[in-house]
Amino acid sequence: WLGALRFDNLALRSLPVDASEEGGPRTVSGACFARVRPSPLQNPRLVAMSLPALALLGLEAPAADPAEAEAEAALFFSGNRVLAGAEPAAHCYCGHQFGSFAGQLGDGAAMYLGEVLGPRGERWEIQLKGAGITPFSRQADGRKVLRSSIREFLCSEAMFHLGIPTTRAGTCVTSDSKVVRDIFYDGNPKNERCTVVLRIASTFIRFGSFEIFKPPDEYTGRKGPSVNRNDIRIQMLDYVISTFYPEIQEAYSDNTIQRNAAFFKEITKRTARLVAEWQCVGFCHGVLNTDNMSIVGLTIDYGPFGFMDRYDPEHVCNGSDNTGRYAYNKQPEICKWNLGKLAEALVPELPLEISQLILEEEYDAEFEKHYLQKMRKKLGLIQLELEEDSKLVSELLETMHLTAGDFTNIFYLLSSFSVDIDPSKFDDLLEELTSQCASVEELKIAFKPQMDPRQLSMMLMLAQSNPQLFALIGTKANINKELERIEQLSKLQQLTADDLLSRNKRHWKEWLEKYGVRLQKEIESVGNADAWNTERVKVMNSNNPKYILRNYIAQNAIEAAENGDFSEVRNVLKLLEHPFQEADGFQEVKEDEEEEGATATAAVCSQETRSKQPYCSKPPLWASELCVT
């Protein structure tokens, strides 16, 4: 089955490859790749495969013997056997991690296998993630485990089917080989199954790939492994632009500075559009370091990501992001900051005064334009583009925040609203909208204080008496957030469920009245109101997903897989391939049986009895205990 793959490994022919055969972690100087060998696993077996992703490589669904094809996929996509034409290598890159330059990073657990030519001649780089030690593994073992691999596999495909630029995932293969992982870094390690994901993209080169030339950083003292090798920077720019931006190469073939400026402008605009897409589906990446930013504008490296459930602009999906650097509302500015670091990495081939001007002129404007275009589609504003639309969107999000509404489900429900809605249907819609808002019990969990009262008291005293020491061990924002939690929880103690419902209905009624006024302006500008409304609902339903990869959905699939049942992973994959449609053949009803909670994906903080939820449901209470790090 896999014999049909046609390799043509252009990257290894175009960029310098380290000559050393030395194994184990080391500094790799003067090269973009180092040759490696995948480490075999015990008894590899297929968890799931994405046929739409594999079709990119020219692989069709095996007609004759699916079981044989699964065994073949498990053998080759675990790294136990290397495909003919593959040339395993690990890519060298650096990165700014949480704002600080970290020096050499590189593919510590991923291995480039080569580039496969697709059916229409397009080129796809394929990678194994979790296939063993590389020169960039540092103190780690080059392995990934079942929980994180299932999350990456499912989310890569979910994002594609949502229409968001992303790397793809072809297969997920687990094994009987085990590694020890301390999920919360709290001294409670456990054995987990080694698992490998086949990743697919036009390229996995990232912003950090250009940071290997960085001289010693003024704050961390770390430097890139290829300082003063501008010849390699030129090679990389030539390769990236001619291969992935051929129209730019053609237009500016006789002026390198103009060519590089056009390339930087294009990646700036792609990145701005990408983040706008994330914001419009409530996706949080979790670790937006420069080494996790694609040079072609894809979502890349799925780690502690999360789709936002209850709308909270300050939502942090990564349990180890203590300062909230990569919170939902900070993603646009962080990606702009990362582009600034890419600009620095391109000097002298693109002077900083040129790239900084491009960044200031292009990024915010492109982000705001794309974000508002997408939000208009989500609200069915298909006829007119009015200045007031931005305010309407802001007021919607403010209403969501005030009512603690579920981001995905509120948007999905709005297509039920119309200007001439029947009063009884309007009341039904209000009931549905408020049912997607957090209950008093859910809010109490959300605003539960996270610090011991004595710790908080000590920090407040320290902030007054020794601000310098306080700055080293805490942040004012964290303390303010904790004080806000305490205040909110105190208010919630006095709030009844009826009071909350009444308040939420009032907020939603006020916003829907404004929405109705805006829709009326649409109607007045069209000839056929019925045709307009049909098209409006169609546009809304193709831009507001019913299904996203919520953490609790991933967790149920992970727990089943850890017990040897891969059917839920495969079910969820099929569901996520059609995020905008009602699911056919899926159990969308609550089951009576209750099952015991286990450890989360990224990890459950406590065990609790729970019942199964519909896939489109806002999260159950037990999901608040899920913590992804």
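The rules behind the values
Residues numbered from 1 in each chain as written. Predicted model: local features only at pLDDT ≥ 70, side-chain atom pairs only at ≥ 80, totals over all residues. Heavy atoms only, no water. UniProt positions renumbered as here; feature names shortened; annotations may be inferred. Helix = DSSP H or I, 4+ residues; strand = E, 2+ residues; numbered from the N terminus. Rg over C-alpha atoms; globule rule 2.2 N^0.38 Å. Buried < 20%, exposed > 50% of the residue type's maximum accessible area, 1.4 Å probe, protein only. Contact = heavy atoms within 4.5 Å. Areas by Shrake-Rupley, 256 points an atom, 1.4 Å probe, with all protein chains shown as cover. Lys, Arg positive; Asp, Glu negative; His and termini not counted. Charge placed at Lys NZ, Arg CZ, Asp CG, Glu CD. Pairing = 2+ DSSP bridges. 1 Å grid on protein atoms, 1.4 Å probe; cavity = no way out; pocket = protein on both sides within 12 Å on 5 of 7 lines; lining within 4 Å. Points joined across faces, edges and corners; volume = space filled by probe spheres on them. Nonpolar A, V, L, I, M, F, W, Y, C, P; charged D, E, K, R; others polar. Domains from an automatic or database assignment. Phe/Tyr/Trp six-rings, centres within 6.5 Å; stacked < 30°, edge-to-face > 60°. Lys NZ or Arg CZ within 6 Å of the ring centre and 35° of its normal. Salt bridge = Lys/Arg side-chain N within 4 Å of Asp/Glu carboxyl O. Patch = residues over 30% accessible without salt bridge, like charges linked within 9 Å, V, L, I, M, F, W, Y side chains within 5 Å. Core = buried A, V, L, I, M, F, W, Y, C linked by side-chain atoms within 4.5 Å. Axes fitted to C-alpha atoms, helices over the stretch in contact; angles between N-to-C directions. Parallel < 35°, antiparallel > 145°, perpendicular 65-115°, else oblique. Left-handed = near helix turned anticlockwise from the far one by under 90°.

- Under an unreviewed UniProt entry, the chain has the name Selenoprotein O and belongs to Callaeas wilsoni.
- Under the UniProt heading Cofactor (unreviewed entry), the entry covering the chain gives this text: "Mg(2+)".
- Quoted verbatim from the Sequence similarities (unreviewed entry) field of the UniProt record, the comment on the chain reads "Belongs to the SELO family."

**Some words on the overall build of the chain**
Move 1: Summing up its helical and strand segments, the chain has 20 helices and 15 strands in all.
Move 2: Relative to its length of 629 residues, the chain is compact, with a C-alpha radius of gyration of 25 Å against a globular reference of 25 Å.
Move 3: With the C-alpha coordinates aligned to their principal axes, the bounding extent of the chain is approximately 75 × 65 × 55 Å.
Move 4: Taking all 629 residues of the chain together, 55% fall into the buried category.
Move 5: Counting only contacts in the chain whose residues sit at least 6 apart along the sequence, the fraction spanning at least 24 positions is 73%.
Move 6: Total accessible area computed for the chain in this model is approximately 27000 Å², and 49% of it derives from carbon and sulfur atoms.
Move 7: The averaged location of the 90 negative side-chain charges in the chain is 3 Å from the averaged location of its 68 positive side-chain charges.

**Notes on the pairing of strand β5 (residues 94-97)**
Move 1: For β5 and strand β6 (residues 100-104), the ladder comprises three bridges, and the chain directions are antiparallel. Considered in β6, the bridge of Gln 97 is made with Ser 100.

**A short note on the side chain of His 370**
Move 1: Within the fold, His 370 resides in helix α9 (residues 352-378).
Move 2: For His 370, a relative accessible area of 18% corresponds to the buried category.
Move 3: Beyond its immediate stretch of four places on either side in the chain, His 370 contacts Arg 273, Ala 276 and Glu 277.

**Points about the environment of Lys 538**
Move 1: Structurally, Lys 538 is set in helix α18 (residues 529-541).
Move 2: By relative accessible area, Lys 538 is classed as exposed at 57%.
Move 3: Separated by 158 residues in the primary sequence, Lys 538 and Gly 380 have C-alpha atoms spaced 8.5 Å apart.

**Describing empty space enclosed by the protein**
Move 1: Throughout the structure, instances matching the rule amount to three cavities of 30 Å³ or more.
Move 2: Roughly 60 Å³ of volume is contained in the largest cavity.
Move 3: In this structure, the largest cavity is lined by Thr 271, Leu 274, Trp 278, His 285, Asn 292, Met 293, Ser 294, Gly 297, Leu 298, Thr 299 and Ile 300.
Move 4: Grouping the constituent residues of the lining of the largest cavity by class yields five nonpolar, six polar and no charged.

**Quick notes on the domain arrangement of the chain**
Move 1: Per the domain assignment, the segments making up the chain are domain 1 (2-249), domain 2 (394-443 + 494-542) and domain 3 (453-489).
Move 2: Once you take the C-alpha centre of each, domain 1 and domain 2 turn out to be 43 Å apart.

**Section: the pairing of strand β10 (residues 168-181)**
Move 1: Counting buried residues along β10, 11 of its 14 residues qualify, which places the element largely inside the surrounding structure.
Move 2: Pairing analysis gives four bridges linking strand β3 (residues 45-49) to β10, with the strands arranged antiparallel. Across the sheet, residue Ala 48 finds its bridge partner in β10, namely Cys 172.

**Observations regarding the packing of aromatic side chains**
Move 1: Under the definition given, this model contains 18 aromatic pairs.
Move 2: On the numbers, 5.2 Å between centres and 75 degrees between planes, the contact of Tyr 245 with Phe 263 is edge-to-face. In this pair, Tyr 245 sits in the loop between α5 (230-244) and α6 (246-251) while Phe 263 sits in helix α7 (residues 256-281), placing the two residues 18 residues apart along the sequence. Per residue, the accessibility class of Tyr 245 equals that of Phe 263, and both read buried.
Move 3: Cation over ring: Arg 168 sits above Phe 160, and NZ or CZ is 3.6 Å from the ring centre.
Move 4: Here Arg 206 stacks its cationic end above the ring of Tyr 93, 4.5 Å away from the centre of that ring.

**Some remarks on the pattern of salt bridges**
Move 1: Evaluation of the coordinates by the stated rule reveals 44 salt bridges.
Move 2: The partner of Asp 176 in a salt bridge is Arg 193, with the nearest N and O atoms 3.0 Å apart. Here Arg 193 lies in strand β11 (residues 190-201) and Asp 176 lies in strand β10, a separation of 17 residues in the sequence.
Move 3: Through salt bridges with shared partners, one network takes in Lys 129, Glu 152, Arg 199, Arg 206 and Asp 301.

**A look at the environment of Lys 521**
Move 1: With respect to the helices, strands and loops of the structure, Lys 521 is situated in helix α17 (residues 497-524).
Move 2: Under the relative-accessibility criterion, Lys 521 is labelled partly exposed at 32%.
Move 3: Each C-alpha atom, one on Lys 521 and one on Leu 386, is 9.8 Å from the other, the two residues being 135 residues apart in sequence.
Move 4: Other than its neighbours up to four places away in sequence, Lys 521 contacts Leu 384, Leu 386 and Glu 388.

**A short note on a nonpolar patch on the surface**
Move 1: A cluster of nonpolar side chains, contributed by Met 458, Leu 469, Leu 472 and Ile 473, occupies part of the molecular surface with about 420 Å² of accessible area.
Move 2: Tallying contributions element by element places helix α15 (residues 467-473) first for the nonpolar patch, with three residues.
Move 3: The residue Leu 469 is located in helix α15 in this model.

**Let's talk about the nonpolar core**
Move 1: Residues Phe 77, Phe 210, Phe 264, Leu 379, Leu 512, Tyr 515 and Leu 549 are the most contacted members of the largest nonpolar core, which totals 169 residues.
Move 2: Here this core gathers at least three residues from each of two domains, domain 1 (2-249) and domain 2 (394-443 + 494-542).
Move 3: Ignoring sequence-local partners within four residues, the contact set of Phe 210 consists of Ile 205, Arg 233, Met 236, Leu 237, Val 240, Ile 295, Leu 342, Ala 345 and Leu 346.
Move 4: Counting seven residues, the second-largest nonpolar core is a separate cluster that includes Ala 438, Val 440, Leu 443 and Leu 495.

**What about the environment of Ile 354?**
Move 1: Considering the arrangement of structural elements, one finds Ile 354 in helix α9.
Move 2: Taking the relative accessible area as the measure of exposure, Ile 354 reaches 29% and is therefore partly exposed.
Move 3: Excluding residues that lie within four positions of it along the chain, Ile 354 makes contacts with Ile 257 and Ala 261.

**What about a negative patch on the surface?**
Move 1: Judged by side-chain charge, Asp 422, Asp 427, Asp 428 and Glu 432 come together as a negatively charged surface patch.
Move 2: Relative to the elements of secondary structure, Asp 427 occurs in helix α12 (residues 423-435).
Move 3: The exposure class of Asp 427 is partly exposed, given its relative accessible area of 44%.

**Details of the packing of helix α14 (residues 453-465) against helix α16 (residues 476-493)**
Move 1: Their axes nearest at 11 Å, the elements α14 and α16 cross at an angle of 135 degrees. For the element pair α14 / α16, the angle class is oblique. By crossing handedness, the relation of α14 to α16 is classed as left-handed. Two secondary-structure elements touch here, α14 through Leu 456, Met 459 and Leu 460 and α16 through Ile 479, Glu 482, Leu 483 and Ile 486.
Move 2: A per-class count over the contact of α14 with α16 returns six nonpolar, no polar and one charged.

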